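# Commentary on secondary and tertiary structure
Listed here are the chains, written in short residue letters.
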Amino acid sequence: MSSCSSLKFNLYVVWKKILKTKFFFFFLAGFIFFLALFWWQAGLSYGRRFFLFLFPYLFLLISQDIFREEIDSGCLENVVFLRLNFRRYLIEKNLTLFLLASLFSGLLFLPFLLISVAQDDFSWFILVSFFMGLLVGFYYLSLAGWLGLRLRSGANVLAILLIQVFLLLALIISLTSSASGRDFLDLILSAQPQNRLEQILLFIFVALWPNALVSRNYSSLNLRFELLILIFIFLSLQVWRLSRLELKRE
C-alpha cells in the first residue's frame, strides 16, 4: 500500500474513532465556550493569549488511547493489515492525529487572526506563537504516544495532566515557603537563567509544561531545540517499541 493510501486509510479510521469519543467533543465545546466568555470579558488580546496557551491540550486529549486499546482489542488482526503493516499504521497515527488536531486548532485560531488584522492589532509574533503551539501539540502527541504503548483507558493523558498539576502545586508551595521560591517564580516569568542550575531548572519546567514556549519570553532557540530533541526521543522510543511488537494470537 502506498504512503498516500495508507495515510488516507489512517485518517479515515482515526476520524471514525474520534467521532465516537464524546469526551473530546465535550472538551472542545467547553473550550470554545470559555474562550468566547474570556474574549467577551477581557477583550481580544487576552482571549487570544488564553487560546494560544491552552490549545495544545487539544493534541493531548486527541491522543487518548492512541495505541493500547487497538493492540489489546485484537482489531489489528483484521485482513486489512495483510496489505498494510500494522506497525506502520500505528506509527503513522502520530501524523494523522497531528493533522486532525491542527485542523481543529486552525479553525479556532482563524477568527482571532482575521479580527486582529481587521482591528490593526496584528503582529507576526501571533503567527509564531500559533506555530509554536502546534509544535507543543506534537510534543504532547509524541509523549502521550510513548506512554500509550503501556497505558490504556486514557491513563497516558491523565498521567501528563497529573504531573502538570503537581508542578503547579509545587510552584504555589514554593511561593509561601522561602525566598528561593520567589526566585524560582521570577525565573519562570522571565525565562532568563543566570547560571547553569537555573538553566537546568528552566529546561525541566519546559519539558513538564511546554505551553510556555508560545510566550515571547520563551523565544530562546535553546528551549525550542530542547523540545525538538524530546520529540525525536519519544518518537524514536515509539518506533523501537513498535518494531518489536507482536500480536498475541489465541
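The following refers to the structure shown. Worth saying up front: this structure is predicted, and the values here are computed from it rather than measured.

Rules used in this analysis
Residues numbered from 1 in each chain as written. Predicted model: local features only at pLDDT ≥ 70, side-chain atom pairs only at ≥ 80, totals over all residues. Heavy atoms only, no water. Helix = DSSP H or I, 4+ residues; strand = E, 2+ residues; numbered from the N terminus. Buried < 20%, exposed > 50% of the residue type's maximum accessible area, 1.4 Å probe, protein only. Areas by Shrake-Rupley, 256 points an atom, 1.4 Å probe, with all protein chains shown as cover. Phe/Tyr/Trp six-rings, centres within 6.5 Å; stacked < 30°, edge-to-face > 60°. Lys NZ or Arg CZ within 6 Å of the ring centre and 35° of its normal. 1 Å grid on protein atoms, 1.4 Å probe; cavity = no way out; pocket = protein on both sides within 12 Å on 5 of 7 lines; lining within 4 Å. Points joined across faces, edges and corners; volume = space filled by probe spheres on them. Nonpolar A, V, L, I, M, F, W, Y, C, P; charged D, E, K, R; others polar. Salt bridge = Lys/Arg side-chain N within 4 Å of Asp/Glu carboxyl O. Patch = residues over 30% accessible without salt bridge, like charges linked within 9 Å, V, L, I, M, F, W, Y side chains within 5 Å. Core = buried A, V, L, I, M, F, W, Y, C linked by side-chain atoms within 4.5 Å. Contact = heavy atoms within 4.5 Å. Axes fitted to C-alpha atoms, helices over the stretch in contact; angles between N-to-C directions. Parallel < 35°, antiparallel > 145°, perpendicular 65-115°, else oblique. Left-handed = near helix turned anticlockwise from the far one by under 90°.

## Section: the overall build of the protein chain
- Summing up its helical and strand segments, the protein chain has eleven helices and zero strands in all.
- Helices and strands in the protein chain line up, N terminus first, as α-α-α-α-α-α-α-α-α-α-α.
- For the protein chain, buried positions account for 41% of its 250 residues.
- Summed over all atoms, the accessible surface of the protein chain reaches about 14200 Å², with 68% contributed by carbon and sulfur.

## Here's the deal with the packing of aromatic side chains
- Tallying each qualifying case throughout the model produces 20 aromatic pairs.
- Look at Phe205 and Tyr218: their rings are 6.4 Å apart centre to centre, the planes differ by 40 degrees, and that puts the pair in the tilted class. Taken together, the residues Phe205 in helix α10 (residues 196–208) and Tyr218 in the loop between α10 and α11 (221–243) connect sequence positions 13 residues apart.
- Taken together, Phe31, Phe38, Phe50, Phe51, Phe55, Phe59, Phe98, Phe109, Phe112, Phe130, Phe131 and Phe138 form an aromatic cluster joined through their ring pairs.
- When the ring centre of Phe125 is taken as reference, the NZ or CZ atom of Arg216 above it lies at 4.2 Å.

## So, the layout of surface pockets
- Considering only enclosed or pocket space, the largest pocket measures out at about 400 Å³ in volume.
- Along the walls of the largest pocket sit 16 residues, with Leu171, Ile188, Phe205, Trp209 and Ala212 positioned nearest its centre.
- Counting residues per element, the ones that place at least two in the lining of the largest pocket are α8 (155–177) and α9 (179–190).
- Per-element accounting of the lining of the largest pocket gives the leading share, five residues, to α8.
- Among the residues making up the lining of the largest pocket, the classes are represented as 13 nonpolar, three polar and no charged.

## Thoughts on unusual backbone geometry
- Phi is positive for Asp120, which is not a glycine, with a value near 55 degrees.
- Note that Asp120 resides in the loop between α6 (86–118) and α7 (124–148).
- The phi torsion at Ala191 lies on the positive side, around 55 degrees, for a residue other than glycine.
- With respect to the helices and strands, the residue Ala191 is situated in the loop between α9 and α10.

## A look at the pattern of salt bridges
- Applying the stated criterion to the full structure yields one salt bridge.
- Measuring nitrogen to oxygen at the nearest pair gives 3.3 Å for the salt bridge that ties Asp121 to Arg48. With a gap of 73 residues between them, Asp121 in the loop between α6 and α7 and Arg48 in helix α3 (residues 44–54) connect regions that are remote in the sequence.
- According to the relative accessible area criterion, Asp121 is partly exposed, its value standing at 33%.
- Judged by its relative accessible area of 9%, Arg48 is buried.

## Re a nonpolar patch on the surface
- Together, Trp146, Phe225, Leu228, Ile229, Phe232, Ile233, Leu237 and Trp240 line one region of the surface with nonpolar side chains, adding up to about 800 Å² of accessible area.
- Inspection of the secondary structure puts Phe232 in helix α11.

## Looking at the nonpolar core
- The biggest cluster of nonpolar side chains holds 61 residues, and the ones touching the most others in it are Phe51 and Tyr218.
- No other element matches α7, which puts twelve residues into this core.
- Those residues in contact with Tyr218 that sit more than four places away from it in its chain are Leu187, Ile188, Ala191, Leu202, Phe205, Val206, Ala212, Leu213, Leu223 and Arg224.

## Some details on the packing of α7 against α11
- Their axes nearest at 8 Å, the elements α7 and α11 cross at an angle of 30 degrees. Classified by the angle their axes make, α7 and α11 are roughly parallel. For the pair α7 and α11, the sense of crossing is left-handed. Between α7 and α11, the residues in contact are Val128, Met132, Leu135, Val136, Phe138, Tyr139, Leu141, Ser142, Leu143, Gly145 and Trp146 and Arg224, Leu227, Leu228, Leu230, Ile231, Phe234, Leu235, Leu237 and Gln238, respectively.

## Comments concerning the environment of Phe86
- Along the chain, Phe86 turns up in helix α6.
- Look at Phe86 and you get buried, because its relative accessible area is 12%.
- Here the alpha-carbon distance between Phe86 and Leu242, two residues 156 residues apart in the chain, equals 9.3 Å.

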